Amino acid sequence: MEITTITITSTTMSSTSSSSSCSSDSMMEDNIQRAEKIIHKWKIDSHSHSTFISIFHKNNTTEATLFLNSVSTLQRAMHFLSSNDKKSSNLSIAQRSMQIAMKRLEKEFHQLLLDYNHNRQHFISISNLRLIAETMISCGYAKECISVYKITRKSSIDEALSHLGIQQYKHSHIKKMITATDLQNQVKIWLNAFQIAIKTVFREEKFLCDHVFSSYPAIRNLCFTNSTKEGALNLFTFPDLIVAICKRLKSDTLFVKMDLYNSISDLWPEIDTLFSHESISSVKLQAESCLHKLSDSVRTSAVLRRSELLASHLIHC
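Treat the numbers as computed from the prediction; the structure is a model and nothing was measured. (Residues numbered from 1 in each chain as written. Predicted model: local features only at pLDDT ≥ 70, side-chain atom pairs only at ≥ 80, totals over all residues. Heavy atoms only, no water.)

So, about the overall build of the protein chain. Scanning the protein chain from N- to C-terminus turns up 12 helices and zero strands. Per-residue burial for the protein chain yields a buried fraction of 39% across its 317 residues. Within the protein chain, contacts between residues at least 6 apart in sequence are counted, and of these 78% link residues at least 24 apart. Of the roughly 18400 Å² of accessible surface on the protein chain, a fraction of 54% belongs to carbon and sulfur atoms. (Helix = DSSP H or I, 4+ residues; strand = E, 2+ residues; numbered from the N terminus. Buried < 20%, exposed > 50% of the residue type's maximum accessible area, 1.4 Å probe, protein only. Contact = heavy atoms within 4.5 Å. Areas by Shrake-Rupley, 256 points an atom, 1.4 Å probe, with all protein chains shown as cover.)

Listed below in structure tokens is the structure:
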């Protein structure tokens with residue numbers, strides 16, 4: 001009798017376990033289908049020419065929440081099925097839906113980054129950008145997120161510097177400045193642009209990176225480097241080339257070099273803070289090199305100037 005009772009109990013437990021498993025599978029399938037429906041609603045049609053409407057528009061907050069929750073649902077389902085049932089058709093469905101979702105978030109991220117410069121509600125924009133970045137990164141799409149950020153923000157930084165009058169400085173361009181007046185005009189433009197670039201353009205970009213990627217320090221530093229390094233290095237190429245051209249100009253360039261030196265020196269704390277990370281330290285090293293070269297050149301010019309004044313004084317005596 002006892003054996004029979006045990007057998008019945010065991011069968012009952014097995015039946016209960018099987019029922020529970022089926023119920024769990026059914027629930028997961030329902031969750032995946034609901035998530036799939038929401039995500040497919042916002043699927044990007046590459047052949048469509050209709051105006052892009054962001055899920056993260058201020059009037060679409062409910063849709064944005066539903067979309068991100070659906071992505072989280074898919075992520076959990078994929079994680080479970082990958083560990084327990086890799087052959088499940090639900091896993092393939094979830095993976096395809098995830099790819100559609102990430103493509104949508106890439107587009108949203110790109111659009112929000114473009115709108116950032118023209119949006120006065122920066123706090124809202126940054127919050128949405130951070131939500132998208134954290135979702136993409138946690139789902140294994142960090143590479144795509146970083147790529148979109150680099151392409152979009154580097155273009156914005158380069159455009160901002162260009163509007164300030166910063167050009168792609170090359171030795172051939174500097175050689176065209178054959179007079180002291182040419183030199184002074186270009187230096188005046190650079191000095192004004194340099195102040196704005198350090199205090200506004202690069203500082204705001206650092207602020208954006210720090211907040212969008214606040215949970216991921218390595219990605220935060222990488223994105224700031226990707227968007228600003230080229231422009232910053234080019235910025236400090238100018239004073240480097242000016243030192244070289246001053247050597248062949250016969251006119252006095254002492255005060256021009258002093259202005260350049262003082263401008264960089266005055267903003268050194270900001271330069272040190274912005275470009276301190278190893279990935280972008282080459283900018284700080286170039287700025288230091290500029291200061292050393294300008295300092296040496298100023299001292300040499302000052303000595304020559306004193307010698308000329310002394311010689312002139314002796315002649316008149």
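Relative to the assigned elements, Thr-152 resides in helix α5 (residues 142-163). A polar contact of 3.0 Å, which involves the side chain of Thr-152, links it to the side chain of His-110. (Polar contact = N/O pair within 3.5 Å; in protein donor to acceptor, adjacent residues only side chain to side chain.)

Below, the discussion takes up the packing of aromatic side chains. Tallied over the full model, the rule gives eight aromatic pairs. Centroid distance Phe-194 to Phe-236: 5.7 Å. Interplanar angle 75°. Geometry classified as edge-to-face. With Phe-194 in helix α7 (residues 180-212) and Phe-236 in the loop between α8 (217-235) and α9 (237-246), this pair connects stretches of sequence that are 42 residues apart. Like Phe-236, Phe-194 is buried. Both rings, one in Phe-202 and one in Phe-275, keep their centres 5.7 Å apart while their planes meet at 75°; by these two values the pair is edge-to-face. Here Phe-202 is found in helix α7, whereas its partner Phe-275 is found in the loop between α11 (268-274) and α12 (281-316), with 73 residues between them in sequence. According to the relative accessible area criterion, Phe-202 is buried, its value standing at 0%. (Phe/Tyr/Trp six-rings, centres within 6.5 Å; stacked < 30°, edge-to-face > 60°.)

A few words on the pattern of salt bridges. Per the stated rule, a full pass over the model turns up 11 salt bridges. Lys-41 is the salt-bridge partner of Glu-63, the closest N and O atoms lying 2.8 Å from each other. Taken together, the residues Glu-63 in helix α2 (residues 61-84) and Lys-41 in helix α1 (residues 2-41) connect sequence positions 22 residues apart. Between Arg-104 and Glu-108 there is a salt bridge, with the nearest N and O atoms lying 2.9 Å from each other. (Salt bridge = Lys/Arg side-chain N within 4 Å of Asp/Glu carboxyl O.)

This part covers the nonpolar core. With 83 residues, the main nonpolar core has Phe-109, Trp-190, Phe-202, Phe-213 and Phe-275 as its most contacted residues. Considering each element in turn, this core owes the most residues, 13 residues, to α7. Once you skip the residues sitting within four places of it in the chain, Phe-109 turns out to touch Leu-129, Ile-132, Ala-133, Cys-145, Val-148, Tyr-149, Val-212 and Phe-213. (Core = buried A, V, L, I, M, F, W, Y, C linked by side-chain atoms within 4.5 Å.)

Now for the packing of α5 against α7. Here α5 crosses α7 at 165°, and the two axes come no closer than 11 Å. Relative to α7, the element α5 lies roughly antiparallel. Handedness of the α5/α7 crossing: right-handed. In contact with Tyr-149, Arg-153, Ile-157, Ala-160 and Leu-161 of α5, α7 contributes Ala-197, Val-201, Phe-202, Glu-205, Leu-208 and Cys-209. Its residues assigned to classes, the contact of α5 with α7 shows nine nonpolar, no polar and two charged. (Axes fitted to C-alpha atoms, helices over the stretch in contact; angles between N-to-C directions. Parallel < 35°, antiparallel > 145°, perpendicular 65-115°, else oblique. Left-handed = near helix turned anticlockwise from the far one by under 90°. Nonpolar A, V, L, I, M, F, W, Y, C, P; charged D, E, K, R; others polar.)

A few words on the packing of α7 against helix α10 (residues 254-266). Running from amino to carboxyl end, α7 crosses α10 at an angle of 5°, the nearest separation of the two axes being 11 Å. Taken as axis vectors, α7 and α10 run roughly parallel relative to one another. Here Leu-183, Gln-184, Val-187, Trp-190, Leu-191, Phe-194 and Gln-195 of α7 come into contact with α10, specifically with Val-256, Asp-259, Leu-260, Ser-263 and Ile-264. When grouped by side-chain class, the residues that make up the contact of α7 with α10 number eight nonpolar, three polar and one charged.

Here we come to the layout of surface pockets. The space that makes up the largest pocket amounts to roughly 420 Å³. Lining the largest pocket are 20 residues, and of these Phe-56, His-57, Lys-58, Ile-124 and Asn-128 lie nearest its centre. At the level of secondary structure, the elements contributing two or more residues to the lining of the largest pocket comprise α2, α3 (89-116) and α4 (122-138). Its residues assigned to classes, the lining of the largest pocket comprises eight nonpolar, 10 polar and two charged. (1 Å grid on protein atoms, 1.4 Å probe; cavity = no way out; pocket = protein on both sides within 12 Å on 5 of 7 lines; lining within 4 Å. Points joined across faces, edges and corners; volume = space filled by probe spheres on them.)

This brings us to a negative patch on the surface. Taken together, Asp-25, Glu-29, Asp-30 and Asp-85 make up a surface patch of like negative charges. Along the chain, the position of Asp-25 falls in helix α1. (Patch = residues over 30% accessible without salt bridge, like charges linked within 9 Å, V, L, I, M, F, W, Y side chains within 5 Å. Lys, Arg positive; Asp, Glu negative; His and termini not counted. Charge placed at Lys NZ, Arg CZ, Asp CG, Glu CD.)

To continue, consider the confidence of the model for the protein chain. Across the protein chain, pLDDT averages 85, with 84% of residues at or above 70. Predicted confidence is poor over residues 1-17, with pLDDT under 50, and the contacts of this stretch with residues over four places away or in other chains come to zero contacts. (pLDDT = per-residue confidence, 0-100.)

So, about α4. Across its 17 residues, α4 extends 24 Å between first and last C-alpha, which sits within 8% of the 24 Å expected from 1.5 Å per residue. Regarding α4, the residues found buried are Ser-125, Ile-126, Ser-127, Asn-128, Leu-129, Ile-132, Ala-133, Thr-135, Met-136 and Ile-137. Packed against the buried residues of α4 are α2, α3, α5, α7 and α8. Positive phi shows up at Gly-140, right after α4, with a value of about 90°. (Expected span 1.5 Å × (residues − 1).)

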